Amino acid sequence: MKISLIGTGAYGVAMASMLSKKNKNIIMWTESQKTYDKYVSDGYVIKDVLPGFELPSNIKLTTSYDEACNGADIIFIMSAAQFVGSICKEINNYITKNTIVCIASKGIENNSCKFLSDIAYETLKTKNIAIISGPSFAIDMAQGNPVGLTIASRSKKTRQDIIKVLANDTLKLRETRDLIGVQICGSVKNIIALAAGMINGMGYPESTQSFLITESLHDIKALIAALGGNPKTITSFAGVGDLLLTCTSTKSRNYSFGNIIGQGATKEEKEKYLSDTTVEGYYTLKSIYKLIKNKKIKMPIIDLIYKIIMKDEEPQSLIKFLINKK
């Protein structure tokens, strides 16, 4: 079996390391010749991605889509959400009706506000589409710490095939059909993490962060229902599990960005952070805000976070909102 991964970021490397435990033919694609050259010259240690972590010898790197995807049985898309559409177009020539495509990106497309699974269904020849999501920092996964993820697909065989190649002694997967709910959880948790970081930055304790997380769970559950997903998905690894992790750890870039806003960062400081760091919640906020407006769905917590991040409203208004929220 040939398994391909599109993207050599930290999470892609960590996922590849998990797959290497049970599979011999693994290939990773990178768009950067510089990354490829550095990978080779460093002796298969991607120092800038996961410091000190050495990829197993059965993982190959390439800059060629043809080499990566031609004949692949399973393709994992590990890029940021905004690149999923263009990647699907690039790889479609190598897709057959039997190919499994598993998307690990979190978010929705900025311009169209489409879910990533919908983009894949519309673009690719295969209907074997899956979404994988859950509470797992790349470094924790790569180091072999126990983690749990949710695998979502309309196809039971697709779910089971992914579990067969990926689940191991440190990685557990729970399956669901709810593509919509899993993607909403994976998107909105990054936005809530911005708010959790603000609370920390303003000097409030863990009790206040828990207040935010609990209120957010109810709102995310309602949003899942409004968009046609299964509200029970909020209790999954992709739901409460990922929300807890992202909203309580300084390893989260979304949480860290919110933290500097809560501390009163200047416009220049915020712009520098965004230019130096990929903050998925910042971009997802724009998409989710547009989506709920288009669908005429009321979600006041998203409205408020949008005003704070995009319109420079005072972060302190978040505390007033939580106290007065119905």
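So, how was this worked out
- Residues numbered from 1 in each chain as written.
- Predicted model: local features only at pLDDT ≥ 70, side-chain atom pairs only at ≥ 80, totals over all residues.
- Heavy atoms only, no water.
- Buried < 20%, exposed > 50% of the residue type's maximum accessible area, 1.4 Å probe, protein only.
- Helix = DSSP H or I, 4+ residues; strand = E, 2+ residues; numbered from the N terminus.
- Pairing = 2+ DSSP bridges.
- Right-handed = clockwise from strand over helix to strand, strands pointing away.
- Salt bridge = Lys/Arg side-chain N within 4 Å of Asp/Glu carboxyl O.
- Phe/Tyr/Trp six-rings, centres within 6.5 Å; stacked < 30°, edge-to-face > 60°.
- Disulfide = S-S within 2.5 Å.
- Polar contact = N/O pair within 3.5 Å; in protein donor to acceptor, adjacent residues only side chain to side chain.
- Contact = heavy atoms within 4.5 Å.
- Core = buried A, V, L, I, M, F, W, Y, C linked by side-chain atoms within 4.5 Å.

**Comments concerning the pairing of strand S1 (residues 2-6)**
- Counting buried residues along S1, five of its five residues qualify, which places the element largely inside the surrounding structure.
- In this structure, S1 lies alongside strand S2 (residues 25-29), joined through five bridges in parallel fashion. Across the sheet, Ile-6 pairs through a bridge with Trp-29, a residue of S2.
- Assessed by its sense of winding, the connection that carries the chain from S1 through helix H1 (residues 10-19) to S2 is right-handed.
- Direction of pairing for S1 relative to strand S4 (residues 74-77): parallel, over a ladder of four bridges. When the sheet's bridge partners are listed, Ser-4 is paired in S4 with Ile-75.

**Let's talk about the pattern of salt bridges**
- Applying the stated criterion across every chain, the model contains 13 salt bridges.
- Two residues, Glu-215 and Lys-325, come together in a salt bridge whose shortest N-O distance is 3.0 Å. Of the two residues, Glu-215 is situated in helix H9 (residues 206-226) and Lys-325 in the segment after helix H15 (317-324); the sequence distance between them amounts to 110 residues.
- Salt bridges sharing partners connect three or more residues here, namely Lys-106, Lys-189 and Asp-242.

**Some words on the packing of aromatic side chains**
- Applying the stated criterion across every chain, the model contains five aromatic pairs.
- Arranged with centres 4.3 Å apart and planes meeting at 15 degrees, the rings of Trp-29 and Tyr-65 form a pair that is stacked. Here Trp-29, found in strand S2, pairs with Tyr-65, found in helix H3 (residues 65-69); they are 36 residues apart in sequence, far enough to count as distant.
- Since its relative accessible area comes to 16%, Tyr-65 is described here as buried.
- For the ring pair Tyr-282 and Tyr-283, a centre distance of 5.2 Å and an interplane angle of 90 degrees mean the geometry is edge-to-face.
- Using a relative accessible area of 26% as the deciding quantity, one classes Tyr-283 as partly exposed.
- Here the aromatic cluster, defined as three or more aromatic residues joined through ring pairs, consists of Phe-257, Tyr-273, Tyr-282 and Tyr-283.

**Regarding the state of the cysteines**
- Going through the model one piece at a time under the given rule, you end up with zero disulfides.
- In this structure Cys-88 is not part of a disulfide, and its nearest cysteine sulfur, from Cys-69, lies 10 Å away.
- Left without a disulfide partner, Cys-113 is nearest to the cysteine sulfur of Cys-88, which lies 17 Å away.

**A word on the side chain of Lys-106**
- Positionally, Lys-106 belongs in the loop between strand S5 (100-103) and helix H5 (116-123).
- A polar contact of 3.2 Å, which involves the side chain of Lys-106, links it to the backbone oxygen of Gly-134.
- Discounting residues that sit within four places of it in the chain, Lys-106 has contacts with Ala-81, Ser-133, Gly-134, Gly-186, Ser-187, Lys-189, Asn-190, Asp-242, Glu-280 and Thr-284.

**Some remarks on the nonpolar core**
- Core analysis: the largest hydrophobic core is formed by 50 residues, its most contacted members being Ile-220 and Phe-257.
- Those elements that provide at least two residues to this core are helix H8 (179-201), H9, helix H11 (253-262), helix H12 (267-276), helix H13 (280-294), helix H14 (300-311) and H15.
- Ranked by residues supplied to this core, first place goes to H8 with 12 residues.
- Discounting chain neighbours no more than four positions away, the residues touching Ile-220 are Ile-184, Cys-185, Val-188, Ile-192, Ile-234, Leu-243 and Met-299.
- Among the nonpolar cores identified, the runner-up in size contains 36 residues, and Val-13, Leu-19, Leu-55 and Leu-173 belong to it.

**Section: the pairing of strand S8 (residues 171-176)**
- As judged from the six bridges shared by strand S7 (residues 147-153) and S8, these two strands associate in the parallel manner. Within the sheet, the bridge partner assigned to Thr-150 lies in S8 and is Arg-174.
- Taken together, S7, helix H7 (residues 156-166) and S8 form a β-α-β motif whose crossover is right-handed.

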